[in-house]
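Listed below, chain by chain, are the residues.
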Amino acid sequence: MSTPTRTIGRIFLGASLVFAGVSHLTVAREEFQAQVPESLPLDPDTTVLASGVAEIALGSALLLTRRRRRTVGTIAALFFVAVFPGNVAQWMHHRDGFGLDTDMKRFVRLFFQPVLVALALWSTREPRR
């Protein structure tokens, strides 16, 4: 059985993913396009829409799944790894977005992605006994 702290972490992460996913599809669509690497052979808007749908699905699964919680956590962690190049591209190409309007802010943000990976894995695992 999960601990209350892990449950809170999972709920926070799931709700954050749903919120971010909805933002991809609506109010922050252009902001998210700043993170799409130029090397990606897809239209930036299509990429933002697809990643928004993926975030809504992952967030919902984190909030609602019981039997496959560990698998969903692993998939969420892999998703965070997969989108990391977008964060790097935003930093390398000096693209503003989400208040990240300096190279230092964009650089510091890179260190939050491993935290998201760790939270996805930790919050969906049972504690060791």
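Residues numbered from 1 in each chain as written. Predicted model: local features only at pLDDT ≥ 70, side-chain atom pairs only at ≥ 80, totals over all residues. Heavy atoms only, no water.

A. Just the UniProt feature "transmembrane region" (unreviewed entry) in the protein chain, in detail. When the UniProt feature table is mapped onto this chain, "transmembrane region" (unreviewed entry) is found at residues 47-65, 72-92 and 107-124. For residues 72-92, the helix share is 100%, the strand share is 0%, and the end-to-end C-alpha distance is 31 Å. As annotated, residues 107-124 comprises 83% helix and 0% strand, and the C-alpha atoms at either end are separated by 28 Å. (UniProt positions renumbered as here; feature names shortened; annotations may be inferred. Helix = DSSP H or I, 4+ residues; strand = E, 2+ residues; numbered from the N terminus.)

B. Expanded view of the nonpolar core. In this structure, Leu13, Leu17, Leu58, Leu62, Val72, Ala76, Ala77, Phe79, Phe80, Val117, Leu119 and Ala120 together form the largest nonpolar core, which totals 12 residues. Listed by contribution, the elements that provide at least two residues to this core are α1 (4-25), α3 (44-64), α4 (69-92) and α6 (112-122). With 5 residues, α4 is the single largest residue contributor to this core. The residues contacting Val117, other than those within four sequence positions of it, are Ala77, Phe80 and Val81. (Core = buried A, V, L, I, M, F, W, Y, C linked by side-chain atoms within 4.5 Å. Buried < 20%, exposed > 50% of the residue type's maximum accessible area, 1.4 Å probe, protein only. Contact = heavy atoms within 4.5 Å.)

C. Quick peek at the packing of α4 against α6. Remark: α4 packs on α6, axes separated minimally by 8 Å, with the N-to-C direction vectors making an angle of 170°. When the axis of α4 is compared with that of α6, the two are roughly antiparallel. Each of Gly73, Thr74, Ala76, Ala77, Phe80, Val81, Val83, Phe84 and Asn87 in α4 lies in contact with α6, whose residues at this interface are Gln113, Leu116, Val117, Ala120 and Leu121. Here the residues of the contact of α4 with α6 sort into 10 nonpolar, 4 polar and no charged. (Axes fitted to C-alpha atoms, helices over the stretch in contact; angles between N-to-C directions. Parallel < 35°, antiparallel > 145°, perpendicular 65-115°, else oblique. Nonpolar A, V, L, I, M, F, W, Y, C, P; charged D, E, K, R; others polar.)

D. Focus on the pattern of salt bridges. All told, the structure shown has 5 salt bridges when counted by the stated rule. In this structure, the salt-bridge partner of Asp103 is Arg106, at a minimum N-O distance of 2.7 Å. On the criterion of helical spacing, the pair formed by Asp103 and Arg106 is a turn pair, its members being 3 residues apart in helix α5 (residues 103-110). Relative accessible area serves as the criterion here: at 34%, Asp103 is assigned to the partly exposed category. In this structure Arg106 comes out as buried when scored by relative accessible area, which is 5%. The structure contains a network of salt bridges with shared partners spanning Asp96, Asp103 and Arg106. (Salt bridge = Lys/Arg side-chain N within 4 Å of Asp/Glu carboxyl O.)

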